[in-house]
Protein chains: 2
Amino acid sequence: MSNPIFKLNGRIWIETGDEKILGHGRVELLERIQASGSIRQAALQMKMSYKQAWDLVNHMNEHFGQPLVISHRGGKGGGNAVVTEHGLKVIGEFHLLHQKFQEFLTANSINLPL
Amino acid sequence: MSNPIFKLNGRIWIETGDEKILGHGRVELLERIQASGSIRQAALQMKMSYKQAWDLVNHMNEHFGQPLVISHRGGKGGGNAVVTEHGLKVIGEFHLLHQKFQEFLTANSINLPL
DNA sequence: TTGCGTTATATTTTATTTTATACAACGAAA
DNA sequence: TTTCGTTGTATAAAATAAAATATAACGCAA
């Protein structure tokens with residue numbers, strides 16, 4: 001390990017109480033649900049199990065003031081899921097925070113003697 | 001879930017390449033090693049196994065340019081571990097970054113309609 | 001030279017998390 | 001009313017991670 005390059009990195013998320021309810025993975029999931037109209041397709045795209053995706057969606061719906069995703073079963077295509085207006089707002093707000101955080105990361109670095 | 005309070009939280013760490021080599025847990029471990037002079041005691045205090053603590057120390061020593069911890073076995077007390085000058089420097093630098101990050105977290109928040 | 005407590009390491013066991021599998025419920029459309 | 005693919009849910013299997021256990025190496029001090 002000669003001449004290592006040290007990089008600052010990190011993650012941010014939203015909590016209520018001490019429970020994490022939104023991070024960048026969940027945001028990506030929401031975006032893929034919106035794009036595909038399907039929890040299953042979003043899960044496949046992100047290579048996670050349907051159960052995990054469903055659990056995440058359910059958790060978000062339970063912990064935000066209003067549901068972020070509304071799903072229907074049966075009907076054309078077997079069922080579908082849509083991201084609510086509130087969900088879109090949440091996505092947008094998180095993107096703003098994420099961008100500021102990226103700026104923080106690039107603006108700060110470790111200063112270590114080699 | 002009526003009237004939820006959304007809080008921004010997060011973590012930062014140092015990487016080389018794509019490997020995490022220092023975060024707040026490792027920093028605490030270093031500090032406890034320095035305070036106790038023992039990897040084992042530090043591990044006990046943090047309720048982690050000796051093996052896990054040793055692996056973390058070993059990983060840090062391998063990935064920073066110079067060792068952060070020097071250990072000895074045998075002798076008075078059975079052996080000991082000390083944090084190097086470079087290790088102290090690393091701890092200090094991380095604290096600076098961490099403090100700035102805390103300021104970032106308190107300065108930013110989500111804006112969501114209830 | 002024996003005992004001591006720690007470091008260092010390997011191996012086994014346990015616990016936790018994740019994934020896979022199965023299937024009922026559903027509603028539109030053929 | 002049958003088919004279809006998804007949602008929703010439970011259970012089993014598999015994969016990971018963590019912890020427990022064991023033991024050698026070590027060097028000082030009694």
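Whatever comes next refers back to the structure up there.
Remember, predicted model here, so these are calculated numbers, not experimental data.

The rules behind the values
- Residues numbered from 1 in each chain as written.
- Chains lettered and ligands numbered in written order.
- Predicted model: local features only at pLDDT ≥ 70, side-chain atom pairs only at ≥ 80, totals over all residues.
- Heavy atoms only, no water.
- Helix = DSSP H or I, 4+ residues; strand = E, 2+ residues; numbered from the N terminus.
- Buried < 20%, exposed > 50% of the residue type's maximum accessible area, 1.4 Å probe, protein only.
- Contact = heavy atoms within 4.5 Å.
- Core = buried A, V, L, I, M, F, W, Y, C linked by side-chain atoms within 4.5 Å.
- Salt bridge = Lys/Arg side-chain N within 4 Å of Asp/Glu carboxyl O.
- Near = heavy atom within 4 Å.
- Polar contact = N/O pair within 3.5 Å; in protein donor to acceptor, adjacent residues only side chain to side chain.
- Nonpolar A, V, L, I, M, F, W, Y, C, P; charged D, E, K, R; others polar.
- Pairing = 2+ DSSP bridges.
- Axes fitted to C-alpha atoms, helices over the stretch in contact; angles between N-to-C directions.

A. Structural view of the environment of A:Phe101. Position of A:Phe101 relative to the elements: it lies in helix H4 (residues 85-107). What makes A:Phe101 buried here is its relative accessible area of 1%. Distance from A:Phe101 to A:Asn9, taken between C-alpha atoms, is 9.8 Å for residues 92 residues apart in sequence. Setting aside residues no more than four positions away along its own chain, A:Phe101 makes contact with A:Gly10, A:Arg11, A:Ile12, B:Arg11, B:Ile12, B:Phe101 and B:Phe104.

B. Layout of the nonpolar core. Among the nonpolar cores identified, the biggest contains 65 residues, and A:Leu22 and B:Leu22 are the most heavily contacted of them. The contact partners of A:Leu22, leaving out residues within four places of it in the chain, are A:Trp13, A:Ile14, A:Val27, A:Leu30, A:Met60, A:Phe64, A:Val90 and A:Phe94.

C. The arrangement of the side chain of B:Thr84 in detail. Relative to the helices and strands, B:Thr84 is located in the loop between strand S4 (79-83) and helix H4 (85-107). Other than its neighbours up to four places away in sequence, B:Thr84 contacts B:Pro67, B:Leu68, B:Val69 and B:Ile70.

D. Quick look at the environment of B:Gln34. Along the chain, B:Gln34 falls in helix H1 (residues 24-36). B:Gln34 has contacts with B:Val83 and B:Leu88, leaving out every residue within four places of it along the chain.

E. Molecular detail of the pattern of salt bridges. Using the criterion set out here, one finds eight salt bridges over all chains in the structure. For A:Lys7, the salt bridge goes to B:Glu15, with nearest N and O atoms at 3.8 Å. Here A:Lys7 is found in strand S1 (residues 6-16), whereas its partner B:Glu15 is found in strand S1 (residues 6-16) on a different chain. B:Glu93 serves as the salt-bridge partner of B:Lys89, at 3.4 Å between the closest nitrogen and oxygen. Of this pair, B:Lys89 and B:Glu93 both sit in helix H4, four residues apart, which is roughly one turn of that helix. A residue is classified by how much of its surface remains accessible, and B:Lys89, at 34% relative accessible area, is partly exposed.

F. Quick look at the protein's contact with DNA strand C. Taken together, 18 residues surround DNA strand C, and among them A:Gln52, A:Gly75, B:Arg40, B:Ser71 and B:Gly78 come closest. Backbone atoms, meaning sugar and phosphate, form 65% of the atoms of DNA strand C found within 4 Å of the protein. In this structure, A:Gln52 approaches DNA strand C through a side-chain N or O atom, which is 2.5 Å from a phosphate oxygen. Within the backbone of B:Arg40, one N or O atom sits 3.2 Å away from a phosphate oxygen of DNA strand C. Here the residues of the surface near DNA strand C are counted per class, giving three nonpolar, 11 polar and four charged.

G. Molecular detail of the protein's contact with DNA strand D. Near DNA strand D lie 18 residues; those nearest to it are A:Ile39, A:Arg40, A:Trp54, A:Ser71 and A:Gly78. Restricting the count to atoms of DNA strand D within 4 Å of the protein gives a sugar and phosphate share of 67%. Residue A:Arg40 places a main-chain N or O atom 3.1 Å away from a phosphate oxygen belonging to DNA strand D. Taking B:Gly74, its main chain carries an N or O atom lying 2.9 Å from a base oxygen of DNA strand D. Secondary structure elements with two or more residues in the surface near DNA strand D: helix H2 (39-45), helix H3 (50-63) and strand S3 (69-73) of chain A. Its residues placed into classes, the surface near DNA strand D shows three nonpolar, 11 polar and four charged.

H. Focus on the sheet that holds strand S2 (residues 19-22) of chain A. With antiparallel pairing, four strands are arranged side by side in an open sheet as S2(A)-S1(A)-S1(B)-S2(B). At either end of the open sheet lies a strand with only one pairing partner, and these are S2 of chain A together with strand S2 (19-22) of chain B. For this sheet the average axis-to-axis angle between neighbouring strands, irrespective of direction, equals 60°. Of the strand pairs in this sheet, S1(A) and S1(B) are connected by 11 bridges, and their pairing is antiparallel. Pairing of A:Leu8 across the sheet is with B:Ile14, part of S1(B). Packed onto the sheet, H3(A) meets S1 and S2 of chain A together with S1 of chain B and runs at close to 100° relative to S2(A). Contacts from H1(B) reach S1 and S2 of chain B, with the element oriented near 35° to S2(B).

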